[in-house]
Amino acid sequence: MEFDLLGWPEDGPRLRLDYRRFAYAGKFVTAGTGKTVFRDPDAPLPALDDDRPAPTGGPDSLPPLAEDVVAAVAFNEDRTDPMTLWLRYVTVRRDRRGDGLGPDLLRRTCEAAADRGYETVRIAANNPFAYEACHKAGFGFTGRETGVAELVLERPADAPVAVSRETYQSGLDRYRARDLGDPERSFLAAREGAEPPGVGGVHSDD
């Protein structure tokens, strides 16, 4: 597995992902965000069960399809605080979900941000699975939400934040009050009263 910093927002890196394999693929083609990726060039691409056509064509300025990328993060600087970096989109190739790549890439991106001089990294989670992954990357719930009801989490760029059970559960309670599908409800029920996961994903009560 190879970590690759494609560039910072001002560098305008563009990443072309297969929309059949990645959520938010279109968000990574734009040049307005910085991007980091995990590459796994030795892993063969599995067969798809998606009948949509493969992405083809597009402007000559677009990069070729990145078939060795297995996870990606897009980010930009906070508009009002130059010491804060926002992680805007996180995507993991569908066949590699559950392998811990998302939290690991978030952590590596935070380390790169710290090396560049950022003090704080923030991210907004729109579902309990993303919320959990953020905690595994050392983020903690701030108690705030975005205008589209995403929960805002943050951490120092150079180290994970310590999160209490009460803070962790307060975020899960926000999701419990919403109209969710069965997978989300089952996940929330399983985490009732649990401690937050440690960095790397281990719950002290597991």
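Residues numbered from 1 in each chain as written. Predicted model: local features only at pLDDT ≥ 70, side-chain atom pairs only at ≥ 80, totals over all residues. Heavy atoms only, no water.

Taking an unreviewed UniProt entry as the reference, the protein is identified by name as GNAT family acetyltransferase belonging to Haloferax gibbonsii.

So, the packing of aromatic side chains
Operational definition: Pairing of aromatic rings covers Phe, Tyr and Trp, the last through its six-membered ring, and needs centres within 6.5 Å; plane angles under 30 degrees mean stacked, over 60 mean edge-to-face, and all others mean tilted.
The final tally for this structure, using the stated rule, is eight aromatic pairs. Pairwise contacts between aromatic rings join Tyr131, Phe141, Tyr168 and Tyr175 into one cluster.

Remarks on the pattern of salt bridges
Quick reminder of the rule: The working definition used for a salt bridge is a side-chain nitrogen of Lys or Arg within 4 Å of a carboxyl oxygen of Asp or Glu. A run of H or I in DSSP becomes a helix once it reaches four residues, and a run of E becomes a strand once it reaches two; helices and strands are each numbered from the N terminus. Any residue under 20% of the maximum accessible area for its type is buried, any over 50% is exposed, and the rest in between are partly exposed; the area is computed with a 1.4 Å probe on protein chains only.
Under the defined criterion, the tally for this structure stands at 19 salt bridges. One salt bridge connects Arg39 with Asp68, and the closest N-O pair in it is separated by 3.0 Å. Taken together, the residues Arg39 in strand β2 (residues 34-39) and Asp68 in the loop between β2 and β3 (69-77) connect sequence positions 29 residues apart. Residue Arg39 is classed as buried on the basis of its relative accessible area of 18%. On the accessibility criterion, Asp68 (24% relative accessible area) is partly exposed. Taken together, the salt bridges that share partners define one network made up of Asp4, Arg39 and Asp68.

Re the sheet that holds strand β1 (residues 2-7)
In plain terms, the rule: Two strands pair if DSSP finds at least two bridges between them. Think of each axis as a best-fit line through the C-alpha atoms, taken over the contacting stretch in the case of a helix, with angles from 0 to 180 degrees between the N-to-C directions.
On the basis of which strands lie adjacent, the open sheet formed by seven strands has the order β1-β2-β3-β4-β5-β7-β6 and mixed pairing. The sheet terminates laterally at β1 and β6 (140-145), the two strands that pair on one side only. If you compare each strand with its neighbour and ignore which way they point, the axes differ by 30° on average. Where β6 lies against strand β7 (residues 151-156), three bridges are found, and the strand directions are antiparallel.

A closer look at the environment of Val199
Spelled out, the test is: Contact between two residues is taken to exist if any of their heavy atoms lie within 4.5 Å; hydrogens are not considered.
Inspection of the secondary structure assignment puts Val199 in the segment after α4 (182-190). Using a relative accessible area of 45% as the deciding quantity, one classes Val199 as partly exposed. Between the C-alpha atom of Val199 and that of Arg97, which follows or precedes it by 102 residues, the distance is 18 Å. Among residues more than four places away in sequence, those in contact with Val199 are Arg107, Lys136, Gly138 and Pro160.

A word on the pairing of strand β4 (residues 84-92)
Filter applied, for reference: Viewed with both strands pointing away, a crossover whose connecting path from the first strand over the helix to the second turns clockwise is right-handed.
With seven bridges connecting them, β3 and β4 associate as antiparallel partners. When the sheet's bridge partners are listed, Ala71 is paired in β4 with Val92. Two strands pair when backbone bridges link them, and β4 and strand β5 (residues 120-125) are joined in this way by four bridges, in the parallel orientation. Following the sheet pairing, Thr84 is matched in β5 by Thr120. Regarding topology, helix α1 (residues 101-116) serves as the crossover connection from β4 to the parallel β5, and that connection is right-handed.

Points about the nonpolar core
Rules: Residue types Ala, Val, Leu, Ile, Met, Phe, Trp, Tyr and Cys, when buried and joined through side-chain atoms within 4.5 Å, form a set referred to as a nonpolar core. The domain boundaries here were taken from an automatic or database domain assignment.
Leu87, Tyr131 and Phe139 are the most contacted members of the largest nonpolar core, which totals 33 residues. Elements supplying a minimum of two residues to this core: β3, β4, α1, β5, α2 (128-136), β7, α3 (165-176) and α4. The residues that make up this core include at least three from each of domain 1 (1-46 + 54-118) and domain 2 (120-194). In contact with Leu87, other than residues within four places in its own chain, are Val73, Ala74, Phe75, Leu106, Thr109, Val121, Arg122, Ile123 and Phe139. Counting ten residues, the second largest nonpolar core, distinct from the first, contains Leu15, Ala25, Phe28 and Val37.

Concerning α2
To be explicit about the condition: It is the directions from the helix axis to the C-beta atoms that the arc portrays. For the purposes of these results, a polar contact is taken to be a pair of N or O atoms within 3.5 Å, where, inside protein, one atom must be able to donate a hydrogen and its partner to accept one; residues adjacent in sequence count only when each atom of the pair is a side-chain atom.
Buried residues of α2: Pro128, Tyr131, Glu132, Cys134 and His135, and no others. Angularly, the buried residues of α2 cover 160° about the axis, an arc narrow enough to put them on a single face. For α2, the elements touching its buried residues are α1, β5, β6, β7, α3 and α4. Regarding α2, its N-cap is Asn127, as a side-chain oxygen of that residue lies 2.9 Å from the backbone nitrogen of Phe129 further along. Gly138 sits one or two residues past α2 and shows a positive phi near 95°.

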